[in-house]
Amino acid sequence: MKLNSKEALHKLKSENSPFLNLFEHGTLSVEIYKPENVDLQQPHSRDEVYVIISGTGEFINGNKKVSFNPGDFLFVPAGVTHRFENFTDDFSTWVIFYGPEGGESK
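J.: How do you make sense of the pairing of strand S8 (residues 92-98) when you look at a structure like this?
T.: Counting buried positions along S8 yields 5 of 7 residues, so the element is predominantly enclosed. One ladder, built from 5 bridges, connects strand S2 (residues 28-33) with S8; its direction is antiparallel. From the neighbouring strand, Val30 faces S8, where its bridge partner is Ile96.

Below, the structure written as structure tokens:
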């Protein structure tokens, strides 16, 4: 299985949504995400990983804020409030959900 960010972003343009689910296998789910202006996410019920495709900005993860760049890996445990802020217009990211509802234990 191969996902290409350019092709995924092209598919996303035809949707009326900032995200598109592209692949599922067992508990694994892979999406492309490209919010416009504001990230309106709510906490998710499963652990998730972001791998930044393009753009820069800041990422709020619980009570921490970090800057991000293309290629960065960001982990969010299930149930934690998170969002992207002050991101550039070209911002897009892979979103990878996995594991059980409620997240994996340490």
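Still more to cover.
J.: Looking at this structure, I do not really get the nonpolar core. What am I missing?
T.: The tendency in soluble globular proteins is for nonpolar side chains to be buried side by side. Of all hydrophobic cores here, the largest spans 12 residues; its members are Tyr33, Tyr50, Ile52, Phe59, Phe68, Leu74, Val76, Phe84, Phe87, Phe91, Val95 and Phe97. When residues of this core are traced back to their parent elements, those giving at least two are strand S3 (47-54), strand S6 (73-76) and S8. Excluding its chain neighbours within four sequence positions, the residues that come into contact with Tyr50 are Gln41, His44, Phe59, Asp72, Phe73, Leu74, Val76, His82, Phe84, Thr93, Trp94 and Val95. The next biggest cluster of nonpolar side chains, apart from the first, holds 7 residues, and it includes Leu20, Leu22, Ile32 and Trp94.

J.: When you look at the sheet that holds S3 in this model, what are you seeing that I'm missing?
T.: Adjacent strands of a sheet form backbone hydrogen bonds with each other and so pair up, either parallel or antiparallel. With antiparallel pairing, the 5 strands of this open sheet are ordered in space as S1-S2-S8-S3-S6. One side of each edge strand has no neighbouring strand; the edge strands of this open sheet are strand S1 (19-25) and S6. Neighbour-to-neighbour, the strand axes of the sheet open up by a mean angle of 20°, direction not taken into account. The sheet contact formed by S1 and S2 spans 6 bridges and is antiparallel. Looking across to S2, one finds that Phe23 is bridged to Val30. Its contacts with the sheet place helix H1 (residues 5-13) against S1, S2, S3 and S8, and it is angled at close to 125° to S1.

J.: Would you explain unusual backbone geometry in this entry?
T.: Keep in mind that most residues, glycine aside, have a negative phi and that most peptide bonds are trans. The backbone of Asn37 sits at a positive phi, close to 70°, despite the residue not being glycine. Examined against the element boundaries, Asn37 turns out to sit in the loop between S2 and S3. Its identity as a non-glycine residue notwithstanding, Asn86 has a phi of 50°, on the positive side. Mapped onto the fold, Asn86 is located in the loop between strand S7 (82-85) and S8.

Definitions and cut-offs
Residues numbered from 1 in each chain as written. Predicted model: local features only at pLDDT ≥ 70, side-chain atom pairs only at ≥ 80, totals over all residues. Heavy atoms only, no water. Buried < 20%, exposed > 50% of the residue type's maximum accessible area, 1.4 Å probe, protein only. Helix = DSSP H or I, 4+ residues; strand = E, 2+ residues; numbered from the N terminus. Pairing = 2+ DSSP bridges. Core = buried A, V, L, I, M, F, W, Y, C linked by side-chain atoms within 4.5 Å. Contact = heavy atoms within 4.5 Å. Axes fitted to C-alpha atoms, helices over the stretch in contact; angles between N-to-C directions.

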